[in-house]
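Structural overview for review
Spelled out from the first residue to the last, the chains are:
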Amino acid sequence: MEPILEVEGISLQFGGVKALDNVTYHINKGEIFSLIGPNGAGKTSMLNCISGLYQPTSGSIRYKGQEIINMKPYERTTLGMARAFQNIALFAHMSVLDNLKLGRHSLMSSGVFSGGLYVGKASNEEIAHRRKVEEVIEFLELQDIRHTPVGTLPYGLQKRVEVGRALALGPELILLDEPMAGMNNAEKDMMSSFILDMHEVMDTTVVLIEHDLGIVMGLSDHIAVLDFGKRIGFGTPKEIQQNPDVIKAYIGEETVI
Ligand SMILES: Nc1ncnc2c1ncn2[C@@H]1O[C@H](COP(=O)(O)OP(=O)(O)OP(=O)(O)O)[C@@H](O)[C@H]1O
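Figured I'd write up the structure that's included with this text. Along each chain, the written sequence defines residue order, and numbers are assigned to residues from 1. Reporting of local features is limited, given that this is a predicted model, to residues whose pLDDT is at least 70; pairs of side-chain atoms are given and counted only at 80 or more, and all residues count toward the totals for whole chains, interfaces and linings.

Overview of the sheet that holds strand 6 (residues 81-84)
Test applied: Note on pairing: DSSP must find at least two bridges between two strands before they are called paired. Labels follow the DSSP assignment, with helices taken as runs of H or I lasting at least four residues and strands as runs of E lasting at least two, numbered in each case from the N terminus. Angles shown run from 0 to 180 degrees and are taken between the N-to-C directions of axes, each axis being a line fitted to C-alpha atoms and, for helices, limited to the stretch in contact. By definition, residue pairs are in contact when their C-beta atoms, positioned from the backbone, come within 7 Å.
The strand order 6-7-8-3-9-10 describes an open sheet built from 6 strands, whose pairing is mixed. Looking along the sheet, the strands with just one partner apiece sit at the ends: strand 6 and strand 10 (230-235). Adjacent strand axes in the sheet meet at a mean angle of 15 degrees when their direction is disregarded. Where strand 9 (residues 222-227) and strand 10 come together, 5 bridges link them in antiparallel fashion. Bridge assignment links Ala 224 to a residue of strand 10, and that residue is Phe 234. Strand contacts of helix 1 (residues 43-51): strand 3 (32-36), strand 6, strand 7 (173-177), strand 8 (205-209) and strand 9, with the helix running at about 150 degrees to strand 7, the strand carrying the most contacts. On top of the sheet, helix 6 (residues 155-167) reaches strand 6 and strand 7; it is set at about 170 degrees to strand 6, its chief contact.

Notes on the site of the ligand
What counts is decided by this rule: Note on definitions: a residue is near a molecule or strand provided its C-beta atom, placed from the backbone, lies within 6 Å of it. Classification convention: Asp, Glu, Lys, Arg as charged; Ala, Val, Leu, Ile, Met, Phe, Trp, Tyr, Cys, Pro as nonpolar; all other residues, Gly among them, as polar.
All residues in the neighbourhood of the ligand are listed as Phe 14, Val 17, Ala 19, Gly 37, Asn 39, Gly 40, Ala 41, Gly 42, Lys 43, Thr 44 and Ser 45. Taken together, the elements giving at least two residues each to the shell around the ligand come down to strand 2 (17-28) and helix 1. Top contributing element to the shell around the ligand by residue count: helix 1, with 3 residues. Considering only residue class, the shell around the ligand consists of 4 nonpolar, 6 polar and 1 charged.

Shown next as structure tokens:
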């Protein structure tokens, strides 16, 4: 198995709080990888370090063998990473279609002039962008709401569009921060099958933060477990379920692993 992302000795400090403490793990190309842990364990901080929103105090993050620790978030996007946020990051008054198109804006290379005139490189680029957006609309079954302003949609559908905005970038690695939070069981099942298809049909590497451990155990190839910023487990779902440190960390959370 070839690693796509290698996280080594990552630490992150906020004043007196060690949000991440010397965390090491790797993610294989094409797998579904989950980051789990109790509230405040450091999961979102870790995703922020991977996507470039936070600068770790120390450590290394390599994407396809290349050190990315000093790269800006948009540079990481152009390398093939995309992120869907826990708190939806969409334009509420704009349609689903326009939000997805805007998501791809960062990938457009043609300048305002050629873009405005719609000639040459720009028109080819526009066609390719539109094709990708339509592919995502079909994949996530958003056809019926393509012209609906995002702000008027139920929460579960807004979360799906947020995932679509990241997917429209055509990433090799997609970071999903609690994509099922606030969803009912039917919506969770649907999102789970979209995630499986991202992996099986699109061959995308998926990094998932999710609190529903039943879903995590069912979907993931590998899991890393954080607790108070430290990695306390790393392995297959079966290994994680048998890990005494993980079991201890979850006792009191009323959770059966
Ligand atoms: N920008 C910040 N400034 C200060 N402290 C922060 C910041 N971001 C995170 N923290 C702290 O870092 C620790 C880890 O937080 P983080 O949000 O990464 O955890 P989490 O595992 O994602 O939690 P949850 O499951 O509740 O979303 C917490 O103590 C949090 O208060």
